[in-house]
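Report on the structure
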Amino acid sequence: MITEMYRVDGAHLNKEKIEKAASILRAGGLVGFPTETVYGLGGDGLNPDSAKAIYAAKGRPSDNPLILHIASRAELAPLVAEVPASAEKLMDEFWPGPMTLVFKKSQIVPLETTGGLETVAIRMPSHPVARALIEAAGVPIAAPSANTSGRPSPTQAAHVWEDMQGRIPMILDGGEVGIGLESTIIDLTGAEPTVLRPGYITPAMIEEIVGHTELDLASLGQPEPGMRPKAPGMKYRHYAPKAKMTLVDGEQSAVCQKILELAESAEENGKRVRIICTEETASCFAGFDVACAGKRSEPEEIAHNLFRILRDSDHDGVDILLSETFGETELGQAIMNRLMKAAGYHIIYI
Ligand code: TXA
Ligand code: MG
């Protein structure tokens, strides 16, 4: 299959190309498109064959449900069995934006889209290209992140190209995404709102709107045998760079010291080493290959850069990735959720 890629963002939100993408979606085809979090791989959310095509293109297990993307609140009611009061409050506050809510599904949502679950995850993105595409398609768009299963989520159209070229007919290039981490997922089908995947919308922000929230612990740490995260996707290996990745956690100067030690010994063994550092620590690593993720005081910047840094390490043939940790803030904890998976939970505490 030939994949076409078109630049569609900003001043030249290209109506003609968006209409073409929408007609591909309506016909059961797939389109890569930008959202404010990461790029999505979209298909018609009400067409079971589109869901199957998405799983095939990503190489993703079909028990891992897809998020439905809508452009207006009016599109919600037909997709869900009920809208709890907490959902109304959260949607008023955070939609459109990087928040996904899990509801009991209605009959029209196919089980192929929800990975066999009786619940459905729904999100209203704020990105103008995503919104224009959903409106033009006239159907909810089912979209996982547009990476091959297991790889870092795409934050640029070039990343989607890398993973999906030849597998899908079209990619809409809206430039680099703003946030760089996938949406916060909140389950509203139980007694208390429960965060299934941490993200840019933090537990404190959610609690301010709905009071108490739970955190699905199974989604956070290393899944133990028998532990079943409520978001099925959280149990799979994710974000993995080709390099062997090690995280070092502790007091800053001790962390730098340990990373230097590890880097030196890996280089002596002929390995290509890269250190993921921050502006505050970059000077410790003079002479080493570093990727600076941003300022520690600005976790938004680190979130924005993280997946690109992981992909760049693949392109550059890095064997060993060493990184400090970022868990001091709530957004930092969302970053750590991804980084721990990327490192296969390989972390040294000093
Ligand atoms: O920011 C995002 O959410 C991006 C963009 C493209 O919107 N999408 C995204 O989709 O990250 P994906 O498929 O890569 O991750 C969706 C996660 C998976 O962990 C999946 O298991 C969970 O959402 N999920 C989907 N439907 C669910 C449901 N009904 N109940 C629980 N978890 C669900
Ligand atoms: Mg994903």
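Above this text sits the structure in question.
Below is a short write-up of the structure.

Cut-offs and rules
Residues numbered from 1 in each chain as written. Chains lettered and ligands numbered in written order. Predicted model: local features only at pLDDT ≥ 70, side-chain atom pairs only at ≥ 80, totals over all residues. Heavy atoms only, no water. Core = buried A, V, L, I, M, F, W, Y, C linked by side-chain atoms within 4.5 Å. Buried < 20%, exposed > 50% of the residue type's maximum accessible area, 1.4 Å probe, protein only. Helix = DSSP H or I, 4+ residues; strand = E, 2+ residues; numbered from the N terminus. Contact = heavy atoms within 4.5 Å. Axes fitted to C-alpha atoms, helices over the stretch in contact; angles between N-to-C directions. Parallel < 35°, antiparallel > 145°, perpendicular 65-115°, else oblique. Left-handed = near helix turned anticlockwise from the far one by under 90°. Nonpolar A, V, L, I, M, F, W, Y, C, P; charged D, E, K, R; others polar. Salt bridge = Lys/Arg side-chain N within 4 Å of Asp/Glu carboxyl O. Pairing = 2+ DSSP bridges. Near = heavy atom within 4 Å. Polar contact = N/O pair within 3.5 Å; in protein donor to acceptor, adjacent residues only side chain to side chain. Areas by Shrake-Rupley, 256 points an atom, 1.4 Å probe, with all protein chains shown as cover.

1. Overview of the nonpolar core
Among the nonpolar cores identified, the biggest contains 39 residues, and Leu41, Leu90, Trp95, Met99, Leu101, Phe103 and Ile122 are the most heavily contacted of them. For this core, the elements supplying multiple residues, two or more each, are helix 2 (48-58), helix 3 (85-94), strand 5 (99-104), strand 6 (119-123), helix 5 (157-164) and helix 6 (203-210). If sequence neighbours within four positions are ignored, leucine 90 has contacts with Trp95, Met99, Leu101, Ile186, Leu188, Ile206, Ile209 and Val210. With 29 residues, the next largest nonpolar core counts Ala293, Ile302, Leu310 and Phe326 among its residues.

2. Concerning the packing of helix 1 (residues 15-26) against helix 4 (residues 128-137)
When two helices pack together, their arrangement is given by the angle between their axes and by how far apart the axes lie. Relative to each other, helix 1 and helix 4 sit at 55°, their axes nearing to 8 Å. Taken together, the axes of helix 1 and helix 4 are oblique relative to one another. Crossing hand, helix 1 versus helix 4: right-handed. Along the contact surface, helix 1 presents Ile18, Glu19, Ala21, Ala22, Leu25 and Arg26, while helix 4 presents Val129, Ala132, Leu133, Ala136 and Ala137. When its residues are assigned to classes, the contact of helix 1 with helix 4 shows nine nonpolar, no polar and two charged.

3. Points about the pattern of salt bridges
This model, assessed by the stated rule, comprises 23 salt bridges. Of the charged contacts, one joins lysine 20 and glutamate 4 as a salt bridge, the two residues approaching to 3.0 Å between their closest N and O atoms. One end of the pair, lysine 20, is in helix 1; the other, glutamate 4, is in strand 1 (residues 4-7), with 16 residues separating them in the sequence. The exposure class assigned to lysine 20 is partly exposed, which follows from its relative accessible area of 34%. Look at glutamate 4 and you get partly exposed, because its relative accessible area is 30%. Look at the salt bridges and you will find they share partners, linking Arg151, Glu162, Asp163, Arg311 and Asp314 into a network.

4. Remarks on the sheet that holds strand 13 (residues 273-277)
Taken together, the five strands give an open sheet; going across it, the order is 14-13-15-12-16, and neighbouring strands pair in parallel fashion. Only two strands of the sheet have a single partner each, and these edge strands are strand 14 (290-292) and strand 16 (347-349). Pairwise comparison of adjacent strand axes, ignoring direction, gives a mean angle of 20° for this sheet. As judged from the three bridges shared by strand 13 and strand 14, these two strands associate in the parallel manner. By the bridge assignment, isoleucine 276 is partnered in strand 14 with alanine 291. Packing against the sheet, helix 7 (residues 252-268) makes contact with strand 12 (244-249), strand 13, strand 15 (320-324) and strand 16, and its axis sits at approximately 175° to strand 15. Of the strands in this sheet, strand 12, strand 15 and strand 16 are in contact with helix 9 (residues 330-342), which crosses strand 12 at around 135°.

5. Section: the site of ligand 1
As a matter of local geometry, ligand 1 sits amid 29 residues, with Thr37, Asn64, His69, Ser183 and Gly233 nearest to it. Between an oxygen atom of ligand 1 and a side-chain N or O atom of asparagine 64, the distance comes to 2.7 Å. Between ligand 1 and arginine 123, the relevant distance is 3.0 Å, taken from an oxygen atom to a side-chain nitrogen or oxygen of the residue. Against a free-state accessible area of 680 Å², the protein chains account for coverage of 97% of ligand 1. Taken together, the elements giving at least two residues each to the shell around ligand 1 come down to strand 4 (67-69), strand 6 and strand 10 (194-197). Within the shell around ligand 1, the residues separate by chemical class into 16 nonpolar, eight polar and five charged.

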